[in-house]
Amino acid sequence: MHRPIDESGHGAGDGAGRGPVPPPYRPHPVPPVDSGGRSAPGDGVPDPGRVDPRVLGALLARHGWRRRGGAAGRYGRWTPPGSGPGGGTSLLVPDTLAFPDCEDLIGEALTALARSGTPSAREVLTGLAVPSDEIRWWREVPTGPAGTVPWPVQEQLRSAARKILLAGALAVRGRAGYHGSRHRAAAQAALEPVVVGTDPGGRALTAFLPVPPGRPVAVRLYHALHAAREAVDYQRATGGMDAFDSAVEAGVSRELTEGLVALVRGTEGARVALAWAPAAGVPEGCAAWPEPVEFSPGDLPALREASARYLTDEPSVPVRVTGAVVRMRRSGPRGEGRVRLRVLGGADVGHVRVTLDEEAYRTAGHAHLVGLPIRVVGRLESRGGFRRLTGASGVVPVQVDEAERDRLMKSLHENLDFLEEACEPEEER
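What you see is a predicted model, and the numbers here were worked out from it, not measured in a lab. For every chain, the first residue of its written sequence is number 1, and the numbers climb from 1 along that sequence. Whole-chain, interface and lining totals are the exception, using all residues; otherwise, since this is a predicted model, local features are given only for residues with pLDDT of at least 70 and side-chain atom pairs are given and counted only at 80 or more. Only hydrogens and water are set aside; all other atoms, that is, all heavy atoms of the structure, feed into the side-chain values.

Visitor: Looking at this structure, how should I read the overall build of the protein?
Guide: Secondary structure is summarised from DSSP: a helix means a run of H or I of at least four residues, a strand means a run of E of at least two, and numbering begins at the N terminus for each. When you go through the protein residue by residue, the secondary structure sums to 11 helices and 13 strands. The buried share among the 429 residues of the protein stands at 48%. Two residues qualify as a contact provided that any one of their heavy atoms is within 4.5 Å of a heavy atom in the partner residue. The long-range fraction of contacts in the protein, counting pairs at least 24 apart against all pairs at least 6 apart in sequence, stands at 68%. Note on areas: Shrake-Rupley with a 1.4 Å probe; residue coverage comes only from the protein chains shown. Of the roughly 19900 Å² of accessible surface on the protein, 52% is carried by carbon and sulfur atoms. A 1.4 Å probe rolled over the protein chains alone gives each residue an accessible area, and that area as a share of the maximum for its type sets the label: buried under 20%, exposed over 50%, partly exposed in between.

Structure (structure tokens):
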């Protein structure tokens, strides 16, 4: 990965052989130009008057462009990745906005980027249009005959990246060794603005997290990945798992360790790197140019042990849940039965299952028939992903407004067979 340059606009690639940021799945179309040869604002290219030349220079350096000279303090000439000192497209980018022709130079540079066939040019324009933090994954895997990675191996990378992003979004909602189904809907919603791009060879993948709302996820992953790396090093050196316990506060969880296992498994090594949006600055408590966090196959035993430890050690949670009854079953006309609730409040999960005694089961059935939710006190068990409520007591109907009651009654009429499944085996989930 190429590091961003400092505010003066000077910098060069890191020479590590790491490629530029891959293009998004849906590339931006080449924008039309106005009669003066410049890109027309609003056609996928930022307005030159709103572009900070220092941000443009930082993005060019990050994506592999090299500064080949220029008048110090006035402008720099940038060439794309892989071009020699005298060949290829070049951009003339001012260092500041202090001179009368700066906006014209920026407009010409943006037009050249829009017309360029260099993949990184699109990423620079994307970074200018939507300031985003970037998270990059690399996997060292064998390539196929054409120099590309087979599709199943590419899908493994995408799946691992999704797991790691979701782990970061879950950690923003709360710290836990095992999240299960808690906060999952909110975490998935937080990732909706994320744009993902892949390397043409299939060995790398980049996620662009707009700032806002994606920065909290990027910051949490920054701390969590480094904490996971340190915990693995401690376990490999001492055999102890204590560092994984303290790493939970930094955002490490079963979800993250499972994502890292998926990332590393079947490779010779993998790494994850973050780069901050130049327009938004560096988050407090984070390095300006974070080094990639690397993991190897030798780290897999520690990661797997930590994953199992988080699963078994996460305690149950006392809750008072309000929910609508969506399913009821029991083995006979009397005795205890099992109820499934769609959670309306009291727990950060979508549904829970609960076993009720005969009287509480009857109360739940009556409440459902008249379109009322119930309230129940118990403990949300981690086994099964925090979907089961144990020790249930205090089951009472809850009054709701007319609109909510009408909606619940409509749901009842659409699902009249909710009491007719007692003879069918219930799916555990």
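From this point, the narrative continues.
Visitor: Sorry if this is basic, but what is going on with the pattern of salt bridges here?
Guide: Oppositely charged side chains can pair when the atoms bearing their charge come close. When a carboxyl oxygen of Asp or Glu lies within 4 Å of a side-chain nitrogen of Lys or Arg, that pair is called a salt bridge. In the structure shown here, the tally under the stated rule is 17 salt bridges. A salt bridge links Glu 155 to Arg 158, with the nearest nitrogen and oxygen atoms 3.1 Å apart. Highlighted residues: Glu 155 and Arg 158, both in helix 4 (residues 151-173), separated by 3 residues, approximately one helical turn. Residue Glu 155 is classed as partly exposed on the basis of its relative accessible area, which comes to 29%. Exposure remark for Arg 158: the relative accessible area of 10% places this residue in the buried category. With its nearest N and O atoms 2.8 Å apart, the salt bridge here joins Arg 236 to Asp 299. Here Arg 236, found in helix 6 (residues 215-238), pairs with Asp 299, found in the loop between strand 8 (293-295) and helix 9 (300-313); they are 63 residues apart in sequence, far enough to count as distant.

Visitor: So what exactly am I meant to see when it comes to the sheet that holds strand 13 (residues 388-397) here?
Guide: Consider a sheet: its strands pair through backbone hydrogen bonds, and that pairing is either parallel or antiparallel. Taken in spatial order, the 5 strands line up as 9-10-11-13-12 and close into a barrel, and their pairing is mixed. Averaged over all neighbouring strand pairs, the angle between strand axes comes to 50°, with direction disregarded. Here strand 12 (residues 374-381) runs beside strand 13; their pairing, made up of 6 bridges, is antiparallel. The residue of strand 13 that forms the bridge with Leu 380 is Leu 389. In this description, a line fitted to the C-alpha atoms serves as the axis of each element, helices being fitted only across the stretch in contact, and the angle between N-to-C directions of two axes falls anywhere from 0 to 180 degrees. On top of the sheet, helix 10 (residues 358-369) reaches strand 9 (317-329), strand 10 (337-345), strand 11 (351-356), strand 12 and strand 13; it is set at about 65° to strand 9, its chief contact. Paired strands, as defined in this entry, are two strands with at least two bridges between them according to DSSP.

Visitor: Could you clarify how one ought to interpret the packing of aromatic side chains in this entry?
Guide: How two aromatic rings sit relative to each other is set out by the distance from centre to centre and by the angle between their planes. Two rings from Phe, Tyr or Trp (for Trp, the six-membered ring) form a pair when their centres sit within 6.5 Å of each other. Planes less than 30 degrees apart are called stacked, planes more than 60 degrees apart edge-to-face, and all others tilted. Evaluation of the coordinates by the stated rule reveals 3 aromatic pairs. The positively charged end of Arg 74 is found above the aromatic ring belonging to Phe 99, 4.3 Å away from the centroid. By definition, being over a ring means that NZ of Lys or CZ of Arg is both within 6 Å of the ring centre and within 35 degrees of the ring normal. Over the aromatic face of Phe 386 sits the side chain of Arg 182, whose NZ or CZ is 3.7 Å from the ring centroid.

Visitor: Just checking my understanding: could you explain the sheet that holds strand 1 (residues 66-67) for this structure?
Guide: What the 3 strands build is an open sheet, ordered 1-2-3; its pairing is antiparallel. Looking along the sheet, the strands with just one partner apiece sit at the ends: strand 1 and strand 3 (91-94). Where strand 1 lies against strand 2 (residues 75-79), 2 bridges are found, and the strand directions are antiparallel. Looking at strand 2, one finds that Arg 66 is bridged to Thr 79.

Visitor: Just checking my understanding: could you explain the pairing of strand 7 (residues 270-275) for this structure?
Guide: In terms of residue burial, strand 7 counts as a mostly covered element, since 6 of its 6 residues are buried. With burial as the criterion, each face of strand 7 is covered, one bearing Ala 270, Val 272 and Leu 274 and the other bearing Arg 271, Ala 273 and Ala 275. Both strand 4 (residues 132-139) and strand 7 contribute to a ladder of 6 bridges, which runs antiparallel. Counted as the bridge partner of Ile 135 is Leu 274 from strand 7. Strand direction decides the pairing type here: strand 7 and strand 8, joined by 3 bridges, are antiparallel. Of the residues in strand 8, the one forming a bridge with Val 272 is Val 293.

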